[in-house]
Amino acid sequence: MIYWEKFLAPYKQAVGELKVKLKGMRGQFELDSSHSPIEFVTGRVKPIASILDKANQKGIPLDRLESEMQDIAGLRMMCQFVDDIRSVVNLLRNRNDFEIVEERDYISHEKISGYRSYHVVIRYPVQTIHGEKKILVEIQIRTLAMNFWATIEHSLNYKYRGAFPEDIKMRLQRAAEAAFRLDEEMSLIRGEIQEAQAFFTQKKELKTDDKS
């Protein structure tokens, strides 16, 4: 029998700590007045019902959840541009406060459904009163357009339990391609976008200085 509150406690701790650390990287780019490849960071611990559902689907025994289910703790790092994803992955590779155990590139090799994202699975050390406990955490890095598509697909997946009607499946694939074309177009005018954003930020800071 699993005592869920105790079992999930280190995962909740890991998500909380990693959100602070990964958001901190964005703050460092801002202090350097340079473009941050990180737009924002979110995180969650998988609900118990979802853990049980996935364990049943994947044939994972409950006593092997810790070693075989990689996304009980999950974080998402959002980027403005596709090129930023590679920069974020390199930032993660250069950190020494966790170990990368697996990478899955669903951007260069998208899933049949059209899903695109870059997954990095890490082994993160959580400090507890009983000593160090290393747990698996999945970090998904994607653009805002990719995230919009994935969120919609995830909702529909719950409705249809993965058995999408053919017309829905086709429309989702078309929407995924449209989202990726949007990302490509935004990348082509990246310089203009960043210049406009820098101008807007500077203007906002000047207004703040005037009021003080």
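See the structure shown above.
Residues numbered from 1 in each chain as written. Predicted model: local features only at pLDDT ≥ 70, side-chain atom pairs only at ≥ 80, totals over all residues. Heavy atoms only, no water.

Visitor: Explain empty space enclosed by the protein to me, and be specific about the residues and the numbers.
Guide: Evaluation of the coordinates by the stated rule reveals 1 cavity of 30 Å³ or more. One number sums up the size of the largest cavity: a volume of about 50 Å³. Lining the largest cavity are Gly 114, Arg 116, Met 146, Trp 149, Ala 176, Ala 179 and Phe 180. Of all elements in the fold, only α5 (144-160) and α6 (166-188) reach the threshold of two or more residues within the lining of the largest cavity. No other element matches α6, which puts 3 residues into the lining of the largest cavity. Among the residues forming the lining of the largest cavity, the class breakdown is 5 nonpolar, 1 polar and 1 charged. (1 Å grid on protein atoms, 1.4 Å probe; cavity = no way out; pocket = protein on both sides within 12 Å on 5 of 7 lines; lining within 4 Å. Points joined across faces, edges and corners; volume = space filled by probe spheres on them. Helix = DSSP H or I, 4+ residues; strand = E, 2+ residues; numbered from the N terminus. Nonpolar A, V, L, I, M, F, W, Y, C, P; charged D, E, K, R; others polar.)

Visitor: Before we move on, could you go through helix α1 (residues 4-31) and cite the residues and values that matter?
Guide: Across its 28 residues, α1 extends 41 Å between first and last C-alpha, which sits within 8% of the 40 Å expected from 1.5 Å per residue. In α1, a bend of some 25° at Pro 10 exceeds every other bend along the element. Taken together, the buried positions of α1 are Trp 4, Phe 7, Leu 8, Pro 10, Tyr 11, Ala 14, Val 15, Leu 18, Leu 22, Met 25 and Phe 29. Two residues or fewer after α1 comes Ser 33, characterised by a positive phi angle close to 55°. (Expected span 1.5 Å × (residues − 1). Bend = angle between axes of the 7 residues up to and from the residue. Buried < 20%, exposed > 50% of the residue type's maximum accessible area, 1.4 Å probe, protein only.)

Visitor: I'd like a rundown of the packing of aromatic side chains, residues and numbers included.
Guide: Inspection of the entire model under this criterion finds 3 aromatic pairs. Centroid distance Trp 4 to Phe 7: 5.6 Å. Interplanar angle 90°. Geometry classified as edge-to-face. Separated by 3 residues within a single helix, Trp 4 and Phe 7 lie in helix α1, roughly one turn from each other. For the pair Trp 4 and Phe 7, a shared accessibility class is recorded, and that class is buried. An angle of 65° between the planes, with centres 5.9 Å apart, marks the rings of Tyr 106 and Tyr 115 as edge-to-face. According to the relative accessible area criterion, Tyr 106 is buried, its value standing at 18%. Among the residues examined, Tyr 115 registers a relative accessible area of 10% and is labelled buried. (Phe/Tyr/Trp six-rings, centres within 6.5 Å; stacked < 30°, edge-to-face > 60°.)

Visitor: Tell me about the pattern of salt bridges, and name the residues and values.
Guide: Tallied over the entire structure, the rule returns 15 salt bridges. Across the salt bridge formed by Glu 30 and Arg 26, the nearest N and O atoms sit 3.2 Å from each other. With Glu 30 and Arg 26 both in helix α1 and 4 residues apart, this pair spans about one turn of that helix. Taking the relative accessible area as the measure of exposure, Arg 26 reaches 26% and is therefore partly exposed. Put simply, Lys 21, Arg 95 and Asp 97 are held in one network by salt bridges that share partners. (Salt bridge = Lys/Arg side-chain N within 4 Å of Asp/Glu carboxyl O.)

None of the figures reported here should be taken as evidence of function without further support.
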